[in-house]
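# Inside the fold
Here is how the chains run, residue by residue.
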Amino acid sequence: MLEEIELHQVMHALGSPVRLAVVAGLLDGGIHQGSEFDVGVSQSTLSHHVKILREAGIVQNDPEGTRCLLSLRTADLEKRFPGLVDTLAVLVQGTKS
């Protein structure tokens, strides 16, 4: 539910460089496999980070067989917190410089 996405949970989830890197990879609006993200952690640790993002309402996780397909919940985040996704894009771009 949209109302269940709480700002403090979103901000906590985005406070990790690993989780922020995953979100940065999802900002293109596509659907990605969890294994696509080379963020310097083991697969089990990455799964833990994805779980935090999912529980915060930032990503959608769709299992497909043995794969985990991830997408950013852009529309929901924009409805709940207008401007958040654009701000994330600017912040992420600034960290790449």
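Below is a short write-up of the structure. Predicted model only: the values in this text are computed from it and were never measured. (Residues numbered from 1 in each chain as written. Predicted model: local features only at pLDDT ≥ 70, side-chain atom pairs only at ≥ 80, totals over all residues. Heavy atoms only, no water.)

What follows is about the packing of helix 2 (residues 17-26) against helix 3 (residues 43-55). Relative orientation and spacing of two packed helices are given, respectively, by the angle between their axes and the distance between those axes. Interaxial distance between helix 2 and helix 3 falls to 10 Å at its minimum, and their mutual angle equals 75°. When the interaxial angle is binned, helix 2 and helix 3 end up roughly perpendicular. Here Val18, Arg19, Val22 and Val23 of helix 2 lie close against helix 3, whose contacting residues are Leu46, His49, Ile52 and Leu53. (Axes fitted to C-alpha atoms, helices over the stretch in contact; angles between N-to-C directions. Helix = DSSP H or I, 4+ residues; strand = E, 2+ residues; numbered from the N terminus. Parallel < 35°, antiparallel > 145°, perpendicular 65-115°, else oblique. Contact = heavy atoms within 4.5 Å.)

Take the sheet that holds strand 2 (residues 59-64) next. With antiparallel pairing, the three strands of this open sheet are ordered in space as 1-3-2. With partners counted over all chains shown, the strands left at the sheet margins are strand 1 (32-33) and strand 2, one partner each. Pairing geometry for strand 1 and strand 3 (residues 67-72), over two bridges, is antiparallel. Residue pairing across strands places His32 opposite Leu70, the latter belonging to strand 3. Contacts from helix 2 reach strand 1, strand 2 and strand 3, with the element oriented near 80° to strand 3. Packing against the sheet, helix 3 makes contact with strand 2 and strand 3, and its axis sits at approximately 125° to strand 2. (Pairing = 2+ DSSP bridges.)

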